[in-house]
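Here are the chains, one letter per residue:
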Amino acid sequence: MSIRTQLLKGILDGCVLSVIEKEVVYGYVLSQKLQQAGLKDVSEGTIYPVLLRLQKNGYIKGEMRPSPAGPDRKYYEITPLGKEALQEIKEQWAAIAQPITVLLGGNQNEKTD
């Protein structure tokens, strides 16, 4: 498993919740939005286990809706618990992203007190 894959696996829940917080989506559209954001290696096959886990944890809810073309689609919506989890992920990410960037030499102007 590549380093990128390992890092992405750790933050993918937050990325998925962030997209779903902005709009109700189904799996294919979700994977497209993640890819458009620069996560080219996130496929539908990658996100469905994430969606299942987030739904099991009560962070999102899924609802089958008719599709204008083809079979019904399962649309996902964030729950209040999911919003709380996303906020926690954002806070934790902010707490580690800046120091890691400094440590890895991304911004030499910052201090590491």
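For the structure, see preceding data.
A short tour of the structure in this document, coming up. (Residues numbered from 1 in each chain as written. Predicted model: local features only at pLDDT ≥ 70, side-chain atom pairs only at ≥ 80, totals over all residues. Heavy atoms only, no water.)

Section: the packing of helix H1 (residues 3–22) against helix H2 (residues 27–36)
1) Next: The interhelical angle for the contact between H1 and H2, taken along N-to-C directions, is 110°, at an axis separation of 10 Å. When the interaxial angle is binned, H1 and H2 end up roughly perpendicular. Where H1 crosses over H2, the two elements pack in a sense that is right-handed. Note on element contacts: H2 touches H1 through Leu30, Lys33 and Leu34, opposite Leu12, Cys15, Val16, Val19 and Ile20. (Axes fitted to C-alpha atoms, helices over the stretch in contact; angles between N-to-C directions. Helix = DSSP H or I, 4+ residues; strand = E, 2+ residues; numbered from the N terminus. Parallel < 35°, antiparallel > 145°, perpendicular 65-115°, else oblique. Left-handed = near helix turned anticlockwise from the far one by under 90°. Contact = heavy atoms within 4.5 Å.)

So, the sheet that holds strand S3 (residues 73–78)
1) Next: Taken in spatial order, the three strands line up as S1-S3-S2 in an open sheet, and their pairing is antiparallel. Edge strands, defined here as strands with exactly one partner in the open sheet, are strand S1 (25–26) and strand S2 (60–65).
2) Next: Both S1 and S3 contribute to a ladder of two bridges, which runs antiparallel. Bridging from a neighbouring strand, Val25 pairs with Tyr76 of S3.
3) Next: Packing of helix H3 (residues 44–56) onto the sheet brings it into contact with S2 and S3, and relative to S2 it is tilted by some 115°. (Pairing = 2+ DSSP bridges.)

Here's the deal with the packing of aromatic side chains
1) Next: According to the stated counting rule, one finds one aromatic pair in the structure shown.
2) Next: Residues Tyr26 and Tyr75 carry aromatic rings whose centres are separated by 5.2 Å and whose planes lie at 70° to one another, so their mutual orientation is edge-to-face. In this pair, Tyr26 is assigned in strand S1 and Tyr75 in strand S3, connecting sequence segments 49 residues apart.
3) Next: We classify Tyr75 as buried; its relative accessible area is 15%.
4) Next: Lying across the ring of Tyr75, Arg65 places its NZ or CZ 5.0 Å from the centre. (Phe/Tyr/Trp six-rings, centres within 6.5 Å; stacked < 30°, edge-to-face > 60°. Buried < 20%, exposed > 50% of the residue type's maximum accessible area, 1.4 Å probe, protein only. Lys NZ or Arg CZ within 6 Å of the ring centre and 35° of its normal.)

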